[in-house]
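Per-entry structural report
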Amino acid sequence: MMNEATREFIKKFNEKSEGSGLSIEKDASAVKNFFMFNLILAAISAFFMMFILSGEGMDREHLELLNTESKINFDQFVRDYLNVGEVQTIYFYPNKELAIATLHPNAVINGKTVSSHGVPISTSDRLDFNYSPTQFVHAVRDAEQKLGVDQRENVPILVKHTIPTGRKIIYFLILGLLSIVSLNYYRGKMGKDAFRVISSAAKKKEK
């Protein structure tokens with residue numbers, strides 16, 4: 001059965017098109033199917049958008065650090081931060097060629113207490129890190145071993161994957177292509193006449 005909104009739409013269209021020879025009462029099931037198709041297509045599109053945006057970028061607090069703190073390279077990070085045991089957690093963003101190291105409260109770096117709660121680490125000069133995130137993890141673990149850090153006290157490392165801009169564009173193109181193909185398939189399935197009537201009804205409704 002059609003819902004009230006669909007029946008009202010059909011009623012208004014038939015009233016406005018009275019005498020024109022157009023009527024969609026006999027195509028009520030086609031109209032309902034068309035509405036259902038659009039609803040399903042919208043749901044699929046929303047799912048794809050959520051999937052794409054879920055890997056959109058960095059955590060907000062990490063972006064703040066990136067905008068307020070100067071980047072250091074990996075060797076400087078090991079020497080000045082990892083070496084003094086002030087690193088709390090490391091977040092590695094291989095797609096962005098950087099890592100964020102969060103620090104313990106009131107961390108002492110180079111003999112001074114720092115107010116910042118983290119530091120960004122550039123890995124743009126280490127292609128092996130960006131190509132294989134496990135290489136970054138191994139490098140940190142090797143550095144900890146050389147510093148004599150007990151394995152039970154190793155700094156947690158979280159690899160955070162984001163979606164590169166190029167890949168996002170490809171996903172959007174695929175979504176658009178799927179929408180066009182699906183619409184054309186449904187148009188052929190409904191029949192050109194039924195589709196033309198519904199399109200005319202939609203245009204009249206907009207006016």
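Residues numbered from 1 in each chain as written. Predicted model: local features only at pLDDT ≥ 70, side-chain atom pairs only at ≥ 80, totals over all residues. Heavy atoms only, no water.

**Focus on unusual backbone geometry**
Notably, Glu97 is not glycine yet its phi reads approximately 60°, a positive angle. Tracing the chain through its elements places Glu97 in the loop between strand E2 (87-93) and strand E3 (98-103). By relative accessible area, which is 34% here, Glu97 ends up partly exposed. Phi is positive for Asn110, which is not a glycine, with a value near 55°. If you trace the backbone, Asn110 turns up in the loop between strand E4 (108-109) and strand E5 (112-113). (Helix = DSSP H or I, 4+ residues; strand = E, 2+ residues; numbered from the N terminus. Buried < 20%, exposed > 50% of the residue type's maximum accessible area, 1.4 Å probe, protein only.)

**Comments concerning the nonpolar core**
Ranked by size, the top nonpolar core spans 23 residues in total, and within it Phe74, Phe77, Tyr81, Leu82, Val87, Ile90 and Phe136 carry the most contacts. For this core, the elements supplying multiple residues, two or more each, are helix H4 (74-80), E2, E3, strand E6 (118-122) and helix H6 (133-146). For this core, the element with the most residues is H6, which contributes 4 residues. With near-sequence residues (within four places) excluded, Leu82 lies in contact with Phe77, Val87, Val140, Ala143, Glu144, Leu147 and Val155. Residues Leu65, Tyr91, Tyr93 and Leu98 belong to the second largest nonpolar core, which totals 6 residues. (Core = buried A, V, L, I, M, F, W, Y, C linked by side-chain atoms within 4.5 Å. Contact = heavy atoms within 4.5 Å.)

**A word on the sheet that holds E3**
The strands making up a sheet are joined through hydrogen bonds of the backbone, oriented either antiparallel or parallel. As summarised here, the arrangement of the 5 strands in space is E1-E6-E3-E2-E7, forming an open sheet in which the pairing is mixed. Across the chains shown, the open sheet's two edge strands, defined by having one partner strand only, are strand E1 (72-73) and strand E7 (157-159). Bridge count for E2 against E7 is 3 bridges, and the pairing is parallel. Across the sheet, Ile90 pairs through a bridge with Ile157, a residue of E7. In this fold helix H3 (residues 60-68) packs onto E2, E3 and E6, with an angle of close to 75° to the strand it touches most, E6. (Pairing = 2+ DSSP bridges. Axes fitted to C-alpha atoms, helices over the stretch in contact; angles between N-to-C directions.)

**Some remarks on the confidence of the model for the protein**
Detail in the predicted coordinates should be disregarded across regions flagged by low pLDDT. Taken residue by residue, the protein gives an average pLDDT of 76. The fraction at 70 or more is 60%. Looking at the elements of the protein, mean pLDDT is at its lowest for helix H8 (residues 192-206), recorded as 51, and at its highest for E1, recorded as 95. (pLDDT = per-residue confidence, 0-100.)

**Let's talk about the environment of Glu144**
You can see Glu144 is positioned in helix H6. In this structure Glu144 comes out as buried when scored by relative accessible area, which is 1%. Each C-alpha atom of the pair Glu144 and Val155 lies 8.7 Å from the other, and the pair is 11 residues apart in sequence. Glu144 has contacts with Leu82, Val149, Asn154 and Val155, leaving out every residue within four places of it along the chain.

**Considering the pairing of E6**
Among the 5 residues of E6, 5 are classified as buried, and the element is accordingly described as predominantly covered. In E6, alternate side chains face the same way, and those of Gly118, Pro120 and Ser122 on one face and Val119 and Ile121 on the other are all buried. Both E1 and E6 contribute to a ladder of 2 bridges, which runs parallel. The partner of Asn73 across the bridge, within E6, is Ser122. In this sheet, E6 lies alongside E3 in antiparallel orientation, the contact comprising 5 bridges. From the neighbouring strand, Ile100 faces E6, where its bridge partner is Pro120.

**Quick word on the layout of surface pockets**
Put simply, the second largest pocket is a space of about 160 Å³. When grouped by side-chain class, the residues that make up the lining of the second largest pocket number 6 nonpolar, 5 polar and 1 charged. (1 Å grid on protein atoms, 1.4 Å probe; cavity = no way out; pocket = protein on both sides within 12 Å on 5 of 7 lines; lining within 4 Å. Points joined across faces, edges and corners; volume = space filled by probe spheres on them. Nonpolar A, V, L, I, M, F, W, Y, C, P; charged D, E, K, R; others polar.)

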